[in-house]
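# Structural overview
Listed here are the chains, written in short residue letters.
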Number of protein chains: 2
Amino acid sequence: MATLSVQRKHKVTIVGSGNWGTTMAKLVAENTKGNPSLFEEQVQMWVFEEEYTIPKNSRHYNGSDQPEKLSELINNVHENVKYLPNITLPSNVIANPDLADACKDSTMLVFVLPHQFIARTCSQLSGKTLPYARAICCTKGVDVSEKGIQLMSEAIGKGLNIYCGALSGANIASEIAKELYSETTVAYDPPPMDSRHPTPSGSPSSSQVNLINPEIEPGKRSAHLIPLPNEYPPLSHENIRKLFHRPYFHVHLVNDVAGVSLGGALKNIIALAAGFVDGLGWGDNAKAAVMRVGILEMVKFGKMFFGESARTSTFTEESCGVADVITSCSGGRNFRCAKMAVERGESISAIEEKELNGQKLQGTSTAIEVNQFLKSQGKEADFPLFTAVFNILEGNAKPRDIPELIEPKY
Amino acid sequence: MATLSVQRKHKVTIVGSGNWGTTMAKLVAENTKGNPSLFEEQVQMWVFEEEYTIPKNSRHYNGSDQPEKLSELINNVHENVKYLPNITLPSNVIANPDLADACKDSTMLVFVLPHQFIARTCSQLSGKTLPYARAICCTKGVDVSEKGIQLMSEAIGKGLNIYCGALSGANIASEIAKELYSETTVAYDPPPMDSRHPTPSGSPSSSQVNLINPEIEPGKRSAHLIPLPNEYPPLSHENIRKLFHRPYFHVHLVNDVAGVSLGGALKNIIALAAGFVDGLGWGDNAKAAVMRVGILEMVKFGKMFFGESARTSTFTEESCGVADVITSCSGGRNFRCAKMAVERGESISAIEEKELNGQKLQGTSTAIEVNQFLKSQGKEADFPLFTAVFNILEGNAKPRDIPELIEPKY
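Computed from a predicted structure; not experimentally measured. (Residues numbered from 1 in each chain as written. Chains lettered and ligands numbered in written order. Predicted model: local features only at pLDDT ≥ 70, side-chain atom pairs only at ≥ 80, totals over all residues. Heavy atoms only, no water.)

### Quick word on the environment of Gly363(A)
Residue and element names in this part refer to chain A. Note the following rule: Secondary structure elements follow DSSP: runs of H or I no shorter than four residues count as helices, runs of E no shorter than two count as strands, and numbering proceeds from the N terminus. Note on classification: 1.4 Å probe, protein chains only; a residue is buried when its accessible area is under 20% of the maximum for its type, exposed when over 50%, partly exposed between these limits. Any two residues whose heavy atoms approach within 4.5 Å at even a single point are treated as in contact.
Assignment of secondary structure puts Gly363 in helix H14 (residues 362–377). Note on Gly363: relative accessible area 0%, which makes it buried. Those residues in contact with Gly363, other than ones at most four positions away along the chain, are Asn268, Leu272 and Asn334.

### Thoughts on the relation of the copies chain B and chain A
To be explicit about the condition: All copies are superposed by least squares; the fitting set is the C-alpha atoms of residues with a pLDDT of at least 70 in both.
With an RMSD of 0.0 Å, chain B superimposes on chain A once it is rotated by 180° and translated 0.0 Å along the axis. Given the turn and translation reported, the copies of this chain are related as if by a two-fold rotation axis. Taking the C-alpha atom as reference, chain B places Thr316(B) closest to the rotation axis, 2.8 Å from it. A share of 100% of the interface residues of chain B reappears at the interface of chain A, consistent with the copies meeting face to face through the same patch.

### Quick notes on the UniProt feature "active site" (unreviewed entry) in chain A
Residue and element names in this part refer to chain A. The following threshold applies: UniProt positions are given in the numbering used here, feature names are shortened, and annotations may be inferred rather than shown by experiment.
Following the UniProt record, one finds the feature "active site" (unreviewed entry) at Lys267. Assignment of secondary structure puts Lys267 in helix H8 (residues 257–279). With sequence-adjacent residues up to four places away left out, Lys267 is seen in contact with Lys140, Met298, Asp324, Val325 and Ser328.

### Examining the packing of helix H9 (residues 283–306) of chain A against helix H11 (residues 319–331) of chain A
Residues and elements named next belong to chain A. Convention followed: All axes are obtained by fitting lines to C-alpha atoms, using only the stretch in contact for helices, and the reported angles, taken between N-to-C directions, cover 0 to 180 degrees. If an angle is under 35 degrees, it is roughly parallel; if it is over 145, roughly antiparallel; if it lies from 65 to 115, roughly perpendicular; otherwise it is oblique. The sense of a crossing depends on the near helix, which, turned anticlockwise from the far helix by less than a right angle, makes the crossing left-handed and, turned clockwise, makes it right-handed.
Between H9 and H11, the least distance of the axes is 11 Å, while the angle of their chain directions is 140°. Judged by the inter-axis angle, H9 sits oblique to H11. Regarding H9 and H11, the two cross each other, and that crossing is right-handed. Taking contact as the criterion, the partners of Lys287, Met291, Ile295 and Met298 in H9 are, on H11, Val322, Val325, Ile326, Cys329 and Ser330.

### Section: the UniProt feature "binding site: NAD(+)" (unreviewed entry) in chain A
Residues and elements named next belong to chain A. Worth spelling out the cut-off: Under this definition, polar contacts are N or O atom pairs within 3.5 Å; protein pairs additionally need one hydrogen-donor-capable and one acceptor-capable atom, and for neighbouring residues in sequence, both atoms have to be side-chain atoms.
Cross-referencing UniProt, the feature "binding site: NAD(+)" (unreviewed entry) maps to Gly16, Ser17, Gly18, Asn19, Trp20, Gly21, Phe48, Phe117, Ala173, Arg333, Lys360 and Gln362 in the present numbering. Annotated residues spanning 347 residues; largest pairwise C-alpha distance 25.6 Å, indicating distribution over more than one region. In this structure Lys360 comes out as exposed when scored by relative accessible area, which is 59%. The contact partners of Lys360, leaving out residues within four places of it in the chain, are Arg333 and Glu352. Of note is the side chain of Lys360, whose polar atom sits 3.5 Å from the side chain of Glu352. Position of Gln362 relative to the elements: it lies in helix H14.

Structural data, given as structure tokens:
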């Protein structure tokens, strides 16, 4: 076999620096260092700049009680003292408060932002990334409303006019930061490149093609995708795996961006259902039953609204499906609050208020948005568990009604 | 549609009267009463006779401290005071210590015996059941050895020369006895009847046909199956469901006897793995990962040794698969003992001895038998998690080696 002469390496930027973002920066930087023929060693991590004072109980407390810039702190002590304390970052993670500068010349953008910052960040970045950059979205959730469903990866892809895949799994960040074993699923499936739509420059290596993204309704959008120049190593599944896979973080690559994205959103509805049933003291059979029924409603949801591109196996066999459901129904926040609500005979919103310092559960908003969408499609009855959770949240059903509400009709 | 004139009803016998057997008798008797056009109301429950003295704390204690016959006690107080105390049985459950008499004229035999009693009971019953009787095996587990795998349902089918299906699910008996919600999976798929092999009597309603049981290797056995006479309502999936389905016990019918049977056996190996990992304090990501990998090894095991008859969906979508794995890895005995062994730094056998009063964990014997079988087939490497569990039990690997041992090779 001929050896391919590759002149350039991929530059990787982590867009986000919270708990999960910093964890991703850590493991990605371990891999860029371990694969010097593919990746530039330095990994930029965009930090939403803020002032932070190192607390006295931090191992980095130096007697100064002056606030410092978080990005400088991170680069000085190699720790995100605010969002991921006590975890040492590799020295090749470079915190950068300048979004455009952090992403400049990057061929791989790893988005790990809170849901609500994605649109704004993309609009700030628009036109400032390489036209042939690729992205992976690690933010869970989807935007669901009466109007339809938009995957986070779609929002990023559209916003930057690049291809964006997705990473999701049974991934509690703090466990991964400690290098405790876990798995994840990465969906990456850029459409095949062709040269039917040559760019003005005429260079075949940057020709624009129609983005035939299978999870976008045909004809609905006409994004364009620029092929990666030949000077770079291909962003194949094999090389994407090398960017994320660690001995403590096993990565499985799939093509199903829709399924991976939906799993991370819909599991929160299931976690509420499992919490309701567990709060009744119904035991392990009942909890497992609700989880199983929920996984099958995920499968049905994917098939009904994303067609064959959402594969059954993504939900039933991958970390982003069954495993994430299991983790979320073990001790996740949605599960715990739903359980507490039933045990104490209070509403979920009362529990949210008392237990979450004003934060909202993701599961409740997802359940409501998904229900609005299902109603608009006339499909509520096809998703009896999702609908039951919504009706319980609205006070129109009781947790003890769940078995009857989800009983299969023959 | 013409109304079918059906002259006979199905008589149902529960073969077994332990915790799970008595629970099955209760729910089946509720259904025979509720479906009088299909089933005789009385349900016989075979009781392995023993003497029992009602303890003073029983609600049925009557001042007598004399031992009584268990079958008579059950029929007098409508409670299995020894094996399912405090649960009232419907009065149409009839305990019967005479095996042949209990099964006489029954068209449906529901086997719920401890594993080790199945062969003996079948040989005692041989020739004494209706030739066209059908059976459902509710005993979990399979017989695995170097020689091969025999499903419990196969052992019953062969032993009595009748067709036998299987019932398995996330089914902790005590929860179902209390009518707490759960689900189960019933596999029932008798081969199509034809009249190529007329019986001596020549009656088309009792003609013998070759039993083409898809989970038995073709040509390996030549059992014969006698069709159910037309006088009975058909034992269709619909009618089988009516025998088992309750508002608190949701039944899903499938055709995959091998898959349903394997799930109930192999889940115990997975529960050990989950317990090992949880005992290390590795958190929820790691536990979910091990469970997911285990479910996929179940799928592979089914496909490799039972061909296409073992369907992926049985393991990934049914109560007997994913849900039973979840329940077993939540608080099951195998999970708990494995976790304890790691936490205390003791061997599983030491834990068994201290915690189980000399009883043995099913998971450890299954893990050893499955390993012997995989070795004999040269297939150990295809099942890294099952093999890791075996090696940990043997002291040849440590729980902390699991991620490396199951890391996918690319």
